[in-house]
There are 2 protein chains.
Amino acid sequence: MGIPRDGSGGPGQGTSFLTGLQDFGFPGHIYPINPNATEILGLKAYPNLKSVPEHLDLVIVSIPAKHVPGLLRECGEVGARNVHIFTAGFDETGDQQRKQLGEEVKKAAKENGLLLMGPYYMGIGYVPRARMSCWRGVSPISGRVGFISQSGGHAGEMSAFAPSSGVYISKVVSIGNSYGLKATDFLEYFTSDPETDVITMYLEGAADGPKLFRMVRDLNGRKPVIVWKGGLSEFGSRAAASHTGSLAGSKEVWNAFFQQTNAVRAGSVEELVDAASAFTYLTPPKGNRLAVIGIGGGSSVAIADACAREGLRMPHFNPETYSALAKVINPAGTILSNPLDVGGAVFRQVDSLAQVVKAVVPDPNIDMILVAMNFGFLPVSTDEQEQVLDYLCTYAKSNPYGKPLVVALTRGVPSLKIEQTIDRVKIKAIQAGLPFYTNTVRACRALSRFAEYHRVLKETRP
Amino acid sequence: MGIPRDGSGGPGQGTSFLTGLQDFGFPGHIYPINPNATEILGLKAYPNLKSVPEHLDLVIVSIPAKHVPGLLRECGEVGARNVHIFTAGFDETGDQQRKQLGEEVKKAAKENGLLLMGPYYMGIGYVPRARMSCWRGVSPISGRVGFISQSGGHAGEMSAFAPSSGVYISKVVSIGNSYGLKATDFLEYFTSDPETDVITMYLEGAADGPKLFRMVRDLNGRKPVIVWKGGLSEFGSRAAASHTGSLAGSKEVWNAFFQQTNAVRAGSVEELVDAASAFTYLTPPKGNRLAVIGIGGGSSVAIADACAREGLRMPHFNPETYSALAKVINPAGTILSNPLDVGGAVFRQVDSLAQVVKAVVPDPNIDMILVAMNFGFLPVSTDEQEQVLDYLCTYAKSNPYGKPLVVALTRGVPSLKIEQTIDRVKIKAIQAGLPFYTNTVRACRALSRFAEYHRVLKETRP
């Protein structure tokens, strides 16, 4: 791998590609290219590509824009076919001269048969199995969720945030302005990638709309595709044009895209990860009827409102379920309805909570179950909450009725100490196959999208 | 203050009222009442109210529901007029016998001339000046935001979350089922309370709708009233009926309420606090035209979309502003538009950022300014971000153009270490009068509601 380096696109950014790889323990050979240095960060530096002693699998370009066409010709000469241009400052600036330079880059790439990633982004951002990363401090754990991003920042956030939420990544690729390889090229790759089960995307425009449409539609039922489409508003589309030179497209076109392909909608990295968490860990539900087991009347109202707003249903339980619940739940200070406010006593006694779970889960009116917990708020101690969570982990592992079960927090976290506890228990829960959402709105949204995907899937592929 | 105690409404809850007061250093006299104890938590216990040697200002009731009417008659006998019933298990259960018991409670209160808070909630939840709190570990800092809550859980969350977000509280009151004192009674109190400038409310129903309407409308322009109305959805209104026995009312009625009173809408404790932060720390804007100074193309698109969705406008800058910006901002890898992606270099050099701020703030097309930062993401170090924040604090203090300036985070936080940094810098920023929102959607929503309040105010009270 060769990294021509200097202070382009962002000073020190060439170095940061290098430190990202070194920090992650990349096992391949790295050749820093710089005519003015003999050594960079402990590695022998080379004056140019030709002087590198072996074939280069990938060249990362981080030099001033005006030198890029020349470098691409050099890539052609040494037979380095895969080139990632980090350098920015081409047509996205709106400047005529820089647009012309962009055309030269495209021409040089074509004439030399190069596969181009970028310009203006992070390329192959994060591949834990290959120990490749543009960012330091990322998780070494490999997973089955892929991400194609037209934003380098969102790619970085996904690489950090997803693993911290228990959603592990196969590959993150940041495609930028797409002079060469486009979103659809990477989507084609992920379609047949045996390491990727769930595909997430951040798109500002779609250079090849009809192809994207066909590919996502054909993936329906094989690999879920979760898409955050940025720039759908007036101001957002203007920003997208300045950012990646993309035509953001109209709301109507994209609504049709989502409707006809069964792609899952998201509106942030957080929502991409939340939905991916559901698709990774849960079995498909039969419908969108949610049961909520929680504490607190105000919380129950808030969850019920969120549920309704996100398009989930919250039916009454069967009479037998109420009879079973009435044996465990004290009628004072509780709500024997759906959402259930079981009261503090039940969350303080894991056996009581187990009885509640066993009463609710089999109810034929219910397709999915959300347990709403809070840490650091009265009247249940953190230890007691952890015991409850341990029980839910065990239950989720056996999952006797095959119904999706998730945990969500109902209250803003009051302290860093509690935050630390949550960080710990969250990972434990997720590893048991129990998605853990840090607020109930996020949980309802993810479950609703998950259920809706499977509803449409059943209709289109009965 | 007398606290009749036993294992009602929630076991140990009587004790938790006591520990809350003790923990906060309540300076008044506390008399635990319990016929079966001589000492509770280091305090001498009394068998009944009559045996207490002085007049009682407040009685907190946490005994089984069936004993409550008798206790209220005892309150009357000893001349204890202010009574807070924590005990639950009356008409909210839907049970006929318990409804009857609720009627007895109302009758006993009336016959004995009592001012009743509750039943089924926390009463005077948190008053930092008086060192009263139902919850342990609350902030001792007194502020100017009051909260009236029909949910004890939301009252507890507000008491913990608001101060941790730099929004300090005058009084939190949790009103529950309102057999006696109602939301409007407390609103009347806050209206003339010299310690309260901003009033926040969580309501499920309104027992006295027309009075609430008149009071909030009359407060318009004097004290902003921020209202989270719970139970507006089908499932939410059912939960509200089970929770506080409230009739939640129709969406249309509440839409009219908000429109005609200029009450500010919120949808969670977080949104109540976010709006209160704007009303506490910012000067009224002339309009809703926002400038954004940030890093990253993807972030810019996301902020612009959020801005549009929340009803803010994002105009182009004046030509003079662009000329001034072009002197500081490198054209490659940046976006010279609104939202501004100034690039990493500018955030790395506080002098450059100062030039950007000084170019943008005076622009006549701009009413409010949001600086979008990220901590823990490349390419700017946390130290560099802190220097930028220090500069913004200084600028916010002088605020030469009187335009609201806020900070918001653009990226999910990747680690607890970064979270700790954010917790520290957040409080520093807010103390300088610079509201700090932990995501851009929250910032846009709060600013939009703040601007809208002042727009309507100008129209109605020119």
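Treat the numbers as computed from the prediction; the structure is a model and nothing was measured. (Residues numbered from 1 in each chain as written. Chains lettered and ligands numbered in written order. Predicted model: local features only at pLDDT ≥ 70, side-chain atom pairs only at ≥ 80, totals over all residues. Heavy atoms only, no water.)

What follows covers the overall build of chain A. A count of helical and extended segments in chain A gives 16 helices and 19 strands. With the principal axes as the frame, chain A shows a C-alpha extent of 80 × 45 × 35 Å. Counting all 462 residues of chain A, 60% fall into the buried class. The contacts in chain A between residues at least 6 apart in sequence include a share of 75% that link residues at least 24 apart. Accessible surface for chain A amounts to roughly 17300 Å². Of this, 51% is attributable to carbon and sulfur atoms. (Helix = DSSP H or I, 4+ residues; strand = E, 2+ residues; numbered from the N terminus. Buried < 20%, exposed > 50% of the residue type's maximum accessible area, 1.4 Å probe, protein only. Contact = heavy atoms within 4.5 Å. Areas by Shrake-Rupley, 256 points an atom, 1.4 Å probe, with all protein chains shown as cover.)

Residues and elements named next belong to chain B. Taken in spatial order, the 7 strands make up an open sheet running 9-8-11-10-12-13-14, and their pairing is mixed. The sheet is open, and its two edges are formed by strand 9 (132–133) and strand 14 (264–266), each paired on a single side. Of the strands in this sheet, strand 8 (123–127), strand 10 (142–149), strand 11 (169–174), strand 12 (198–203) and strand 13 (225–229) touch helix 4 (residues 152–164), which is tilted by about 165° from strand 11. (Pairing = 2+ DSSP bridges. Axes fitted to C-alpha atoms, helices over the stretch in contact; angles between N-to-C directions.)

A few words now on the relation of the copies chain A and chain B. Expressed as a screw operation, the relation of chain A to chain B combines 0.0 Å of axial shift with a rotation of 180°, fitting to an RMSD of 0.1 Å. With respect to symmetry, the two chain copies, as superposed, fit the operation of a two-fold axis. Minimal C-alpha distance to the rotation axis in chain A is attained by Leu416(A), lying at 4.0 Å. Interface overlap between copies is the fraction of interface residues in one copy that are interface residues in the other; for chain A against chain B it reaches 100%, indicating a shared surface. (Least-squares fit on C-alpha atoms with pLDDT ≥ 70 in both.)

Let's shift gears to the environment of Lys66(B). Residues and elements named next belong to chain B. Examined against the element boundaries, Lys66 turns out to sit in the loop between strand 5 (59–61) and helix 2 (68–78). With a relative accessible area of 61%, Lys66 lands in the exposed category. Separated by 38 residues in sequence, Lys66 and Glu104 place their C-alpha atoms 9.7 Å apart.

Before going further, it helps to examine helix 3 (residues 96–111) of chain B. Residue and element names in this part refer to chain B. Taking 1.5 Å per residue, 16 residues should reach 22 Å; helix 3 reaches 23 Å between its end C-alpha atoms and fits that length. The complete set of buried residues in helix 3 reads Leu101, Gly102, Val105, Ala108 and Ala109. Seen from one end, helix 3 has its buried residues packed into an arc of 125°, which puts them on one side. Turned more than 90 degrees from where helix 3 packs its buried face, Gln96, Lys107, Lys110 and Glu111 sit exposed. At its buried positions, helix 3 is contacted by helix 2, strand 6 (82–85) and strand 7 (115–117). For helix 3, the N-terminal capping position is held by Asp95, with its side-chain oxygen 3.0 Å away from the main-chain nitrogen of Gln97. A positive backbone phi angle near 60° is found at Gly113, which sits one or two residues after helix 3. (Expected span 1.5 Å × (residues − 1). Arc of directions from axis to C-beta. Polar contact = N/O pair within 3.5 Å; in protein donor to acceptor, adjacent residues only side chain to side chain.)

Here we come to the pairing of strand 10 (residues 142–149) of chain A. Residue and element names in this part refer to chain A. The buried fraction of strand 10 amounts to 6 of the 8 residues, a majority that puts the element mostly inside the structure. Here 6 bridges tie strand 10 to strand 11 (residues 169–174), and the two strands are oriented parallel to one another. In the sheet register, Ser149 faces strand 11, and the bridge partner there is Ser174. Once the chain exits strand 10 it traverses helix 4 (residues 152–164) before rejoining the sheet at strand 11, and the crossover so formed is right-handed. With 5 bridges connecting them, strand 10 and strand 12 (residues 198–203) associate as parallel partners. The residue bridging Phe147 from the neighbouring strand is Thr200, located in strand 12. (Right-handed = clockwise from strand over helix to strand, strands pointing away.)

Moving on to the packing of helix 14 (residues 382–398) of chain B against helix 15 (residues 416–431) of chain B. Residues and elements named next belong to chain B. In contact at an axis separation of 10 Å, helix 14 and helix 15 are set at 10° when each is read in the N-to-C sense. Looking at the two axes, helix 14 sits roughly parallel to helix 15. Residues Thr382, Glu386, Leu389, Asp390 and Cys393 of helix 14 form the contact with helix 15, whose own contacting residues are Ile418, Thr421, Arg424, Val425, Lys428 and Ala429. The residue inventory of the contact of helix 14 with helix 15, partitioned by class, reads 5 nonpolar, 2 polar and 4 charged. (Parallel < 35°, antiparallel > 145°, perpendicular 65-115°, else oblique. Nonpolar A, V, L, I, M, F, W, Y, C, P; charged D, E, K, R; others polar.)

Scanning all chains against the criterion turns up 47 salt bridges over all chains. Taking the shortest distance from any N to any O, the salt bridge between Glu195(B) and Lys171(B) comes out at 2.9 Å. With Glu195(B) in the loop between helix 5 (183–192) and strand 12 and Lys171(B) in strand 11, this pair connects stretches of sequence that are 24 residues apart. Using a relative accessible area of 12% as the deciding quantity, one classes Lys171(B) as buried. Across the salt bridge formed by Asp274(B) and Arg442(B), the nearest N and O atoms sit 2.7 Å from each other. In this pair, Asp274(B) sits in helix 9 (residues 269–281) while Arg442(B) sits in helix 16 (residues 440–460), placing the two residues 168 residues apart along the sequence. Residues participating in the shared-partner salt-bridge network are Arg129(A), Lys171(A), Asp193(A) and Glu195(A). (Salt bridge = Lys/Arg side-chain N within 4 Å of Asp/Glu carboxyl O.)

Another aspect to go through is the interface of chain A and chain B. The interface of chain A with chain B comprises 69 residues on the first partner and 69 residues on the second. In this assembly, chain A packs against chain B so that about 4700 Å² is buried in total across both faces, 61% of it on carbon and sulfur atoms. Three residues stand out in chain A for area buried against chain B, namely Phe235(A), Arg238(A) and Leu416(A), and they jointly supply 13% of the buried area on that side. In this structure, the connection of chain A to chain B is made through 2 salt bridges. One salt bridge in this structure joins Glu157(B) and Arg411(A), with 2.9 Å as the shortest N-O distance. Along the contact surface separating chain A from chain B lie 16 residue pairs in polar contact (both at pLDDT 80 or more). Broken down by secondary-structure element, the contributors of at least two residues to the side of chain A that touches chain B are helix 1 (13–24), helix 4, helix 7 (234–244), helix 10 (297–309) and helix 15 (416–431) of chain A. Ranked by residue count, the leading element in the side of chain A that touches chain B is helix 10 of chain A, at 9 residues. (Buried area = accessible area lost by both parts, 1.4 Å probe.)

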